[in-house]
Amino acid sequence: MCLTIPGKIISINNQTARVSLGGETRDVFMGTVKGAKIGDWILATGNIGVRKINARDAREIISLLEDSKQINKNKIDLKLNDIFRRAWDRRLTKDDLLYLLRLQEDEDLAALYSEANVMRKTILKDFICIHGIIEFSNYCQNDCAYCGLRSANRHLKRYRMTINEITAAAGKAIQRGYKLLVLQSGEDFFYSDDALAEIVRKIKEKNRVFIFMSVGERGYECYKKLKAAGASGVLFRYETSNPRLFKKLHPRGKNLARRLEHLKFMKELGFFIATGSLIGLPGQTEKDLLNDLLTTKKYANMVSMGPFIPTADTPLAKSPHTEEIKNWKVRMNLKMIAILRLLIPEARIPVVTALETLAGEDGRKQALHAGANSLMFNLTPAKYRPLYKIYGNKFYQKENIWEKYGLFKYEESYKMLEERMAKELERNEKQN
Ligand code: 5AD
């Protein structure tokens with residue numbers, strides 16, 4: 001499901017309303033919205049009105065998506081302005097990326113975030129995609145040094161959802177309006193390839209929904225089956241683009257080459273790919289982050305990048321985690337979001353939970369203002385949620401405003417909206 005920026009009705013003529021929306025005016029077809037008057041707030045997708053929304057909620061959504069700070073373009077240094085120009089021309093160089101990564105001054109960063117936000121609005125218009133994630137098993141055969149689900153962690157109570165539980169959780173989410181679901185687990189071969197494919201098939205059988213699988217390195221045959229069963233996307237981070245660091249963090253013969261091979265064949269199989277790395281890993285350098293940007297560009301339709309958070313019962317539990325380091329990670333994550341928006345203008349860039357965990361209440365807003373355009377809400381059944389401890393003190397926020405006004409609109413779900421509208425028109429015609 002997706003959320004659009006609310007607009008205010010300036011005038012109405014028959015079934016068309018002139019609406020002030022995100023700094024522009026637009027003519028919107030109102031046959032699909034009942035009883036709207038001048039001065040009312042509405043949600044629209046493209047030129048089609050979807051529903052009315054009260055003024056308070058409208059303002060809340062606007063404040064989340066629109067930064068009110070004005071950037072004085074004359075004050076931005078020339079080099080930065082040049083880089084922004086190259087970003088619009090899609091000619092960013094490696095040096096440009098490095099320059100952006102090194103920005104430190106608040107004013108420069110504000111300019112970067114603002115430019116990224118303008119790019120998001122210009123390229124992706126006025127909507128935010130909302131994904132729901134169901135974490136269906138916390139068993140994992142791996143021993144990643146950073147992750148609380150690592151198999152060597154004997155302190156974690158493990159759970160697995162049955163196929164029925166998973167499809168029921170998905171069904172419930174879909175009923176609430178979710179159109180994009182992520183099914184995630186540790187690397188858990190308890191579920192055979194066929195079992196995973198069956199889960200996808202069962203959900204797809206009854207619903208028009210986009211399913212992203214996040215189940216780790218399971219090889220080509222598995223992903224081929226998942227695609228055939230109807231899965232649309234994968235969420236699969238390469239974690240770090242530095243092969244030596246990758247090896248250090250992933251024991252048991254895991255290596256970056258195999259990880260990237262997965263991304264390659266996933267792409268060939270036609271999956272929509274969400275990928276990225278961890279920010280602030282011990283031993284990670286600026287050069288690594290630069291390569292992460294390039295690696296992400298190579299594979300990602302959707303970016304998935306978040307800060308590393310030291311986790312109890314892992315070898316990296318004692319990694320420094322001072323306020324200063326936390327702030328650095330938040331800032332670097334926001335910077336990476338903004339740079340990626342300039343580097344891959346069409347990318348879906350979600351605000352990840354780990355960033356919200358470090359940045360707190362304001363993190364979501366900050367990330368959206370820095371060019372992010374999508375959200376990931378946790379839909380794991382409450383009894384399992386606390387056990388999916390990739391890291392501790394995970395951030396949860398009430399999703400009310402989003403769920404209340406979430407609409408489905410993105411190019412993939414466009415057809416559904418069209419059908420809805422056609423039905424509305426049909427009904428209108430019959431009534432007249
Ligand atoms: N901090 C932040 N993110 C983590 N992940 C695993 N452990 C941590 C941690 N300690 C991320 C990995 C993985 C995703 C599911 O969770 O990047 O791909």
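On a predicted model such as this, the values are computed, not experimentally measured, just so you know.

1. Topic: the overall build of the protein chain
In terms of helices and strands, the protein chain carries 15 helices and 16 strands. In the protein chain, which comprises 432 residues, the proportion classed as buried is 57%. Taking all contacts inside the protein chain whose residues are at least 6 apart in sequence as the whole, residues at least 24 apart take part in 73%. Surface summary for the protein chain: the accessible area is close to 19600 Å², and the carbon and sulfur share equals 50%.

2. Observations regarding the packing of aromatic side chains
All chains considered together, the criterion is met by seven aromatic pairs. Between Tyr-223 and Phe-265, the ring centres sit 6.2 Å apart and the planes meet at 50°, which makes this aromatic pair tilted. In this pair, Tyr-223 sits in helix α7 (residues 219-229) while Phe-265 sits in helix α9 (residues 256-268), placing the two residues 42 residues apart along the sequence. Its end group placed over the ring of Tyr-139, Arg-160 keeps NZ or CZ at 3.7 Å from the ring centre. Between Arg-259 and the ring centre of Phe-236, over which it is positioned, the NZ or CZ distance is 4.0 Å.

3. Brief notes about the pattern of salt bridges
A complete count under the given rule lists 23 salt bridges for this structure. Asp-106 is paired through a salt bridge with Arg-331; the nearest N and O atoms lie 3.3 Å apart. On the criterion of sequence distance, the pair formed by Asp-106 in helix α4 (residues 106-124) and Arg-331 in helix α11 (residues 323-343) is long-range, its members being 225 residues apart. Looking at Arg-331, the relative accessible area reads 32%, which means it is partly exposed.

4. Focus on the environment of Lys-297
Mapping Lys-297 onto the fold places it in helix α10 (residues 286-299). If near-sequence neighbours (up to four positions away) are discounted, Lys-297 is found in contact with Leu-343 and Ile-344.

5. Structural notes on the site of the ligand
The full set of residues close to the ligand is Tyr-146, Cys-147, Gln-184, Arg-237, Glu-239, Leu-278, Pro-307, Phe-308, Ile-309, Thr-311, Ile-390 and Tyr-391. With respect to the ligand, the backbone of Tyr-146 contributes an N or O atom lying 2.9 Å from a nitrogen atom. For the ligand, a nitrogen atom lies 3.1 Å from a polar atom in the side chain of Thr-311. Its free accessible area being 400 Å², the ligand has 87% of it covered by the protein chains. Of the residues that constitute the shell around the ligand, the class distribution is eight nonpolar, two polar and two charged.

6. Quick word on the environment of Asp-82
By secondary structure assignment, the location of Asp-82 is in helix α2 (residues 78-88). C-alpha of Asp-82 to C-alpha of Leu-92: the two residues are 10 residues apart in sequence and 9.9 Å apart in space.

7. Details of the pairing of strand β8 (residues 180-185)
Burial analysis of β8 places six of its six residues in the buried class, which makes it a mostly covered element. A two-sided burial pattern is seen for β8, the buried positions comprising Leu-180, Val-182 and Gln-184 on one face and Leu-181, Leu-183 and Ser-185 on the other. Handedness of the β8-helix α6 (residues 193-206)-strand β9 (residues 210-214) crossover: right-handed.

8. As for the nonpolar core
In this structure, Tyr-223 and Leu-226 are the most contacted members of the largest nonpolar core, which totals 116 residues. Top element by residues in this core is α11. It accounts for 10 residues. Sequence-distant contacts of Leu-226, defined by excluding residues within four places in its chain, comprise Leu-196, Ala-197, Val-200, Met-213, Val-215, Ala-231 and Phe-271. Formed by 11 residues, the second largest nonpolar core is a distinct cluster that contains Ile-133, Phe-210, Phe-212 and Met-376.

9. A look at the pairing of strand β4 (residues 24-29)
Alignment of strand β3 (residues 16-21) against β4, held across six bridges, turns out to be antiparallel. Along β4, the bridge assignment pairs Ala-17 with Val-28. The hairpin turn running from β3 into β4, its antiparallel successor, is two residues long, and Gly-22 in that turn takes a positive phi close to 50°.

10. Concerning the side chain of Arg-120
In this fold, Arg-120 is placed in helix α4. Once you skip the residues sitting within four places of it in the chain, Arg-120 turns out to touch Leu-65, Lys-125, Ile-128, Arg-341, Leu-368, Gly-371, Ala-372 and Asn-373.

11. Here we look at the packing of α9 against α10
For any two helices packed against each other, the geometry is given by the interaxial angle and the distance between the axes. It is at 10 Å that the axes of α9 and α10 come closest, and there the two elements cross at 25°. Relative to α10, α9 is oriented roughly parallel. Of the residues in α10, those in contact with Leu-260, Leu-263, Lys-264 and Lys-267 of α9 are Thr-295, Lys-298 and Tyr-299. Across the contact of α9 with α10, the residue classes break down as three nonpolar, one polar and three charged.

Cut-offs used in this document
Residues numbered from 1 in each chain as written. Predicted model: local features only at pLDDT ≥ 70, side-chain atom pairs only at ≥ 80, totals over all residues. Heavy atoms only, no water. Helix = DSSP H or I, 4+ residues; strand = E, 2+ residues; numbered from the N terminus. Buried < 20%, exposed > 50% of the residue type's maximum accessible area, 1.4 Å probe, protein only. Contact = heavy atoms within 4.5 Å. Areas by Shrake-Rupley, 256 points an atom, 1.4 Å probe, with all protein chains shown as cover. Phe/Tyr/Trp six-rings, centres within 6.5 Å; stacked < 30°, edge-to-face > 60°. Lys NZ or Arg CZ within 6 Å of the ring centre and 35° of its normal. Salt bridge = Lys/Arg side-chain N within 4 Å of Asp/Glu carboxyl O. Near = heavy atom within 4 Å. Polar contact = N/O pair within 3.5 Å; in protein donor to acceptor, adjacent residues only side chain to side chain. Nonpolar A, V, L, I, M, F, W, Y, C, P; charged D, E, K, R; others polar. Right-handed = clockwise from strand over helix to strand, strands pointing away. Core = buried A, V, L, I, M, F, W, Y, C linked by side-chain atoms within 4.5 Å. Pairing = 2+ DSSP bridges. Axes fitted to C-alpha atoms, helices over the stretch in contact; angles between N-to-C directions. Parallel < 35°, antiparallel > 145°, perpendicular 65-115°, else oblique.

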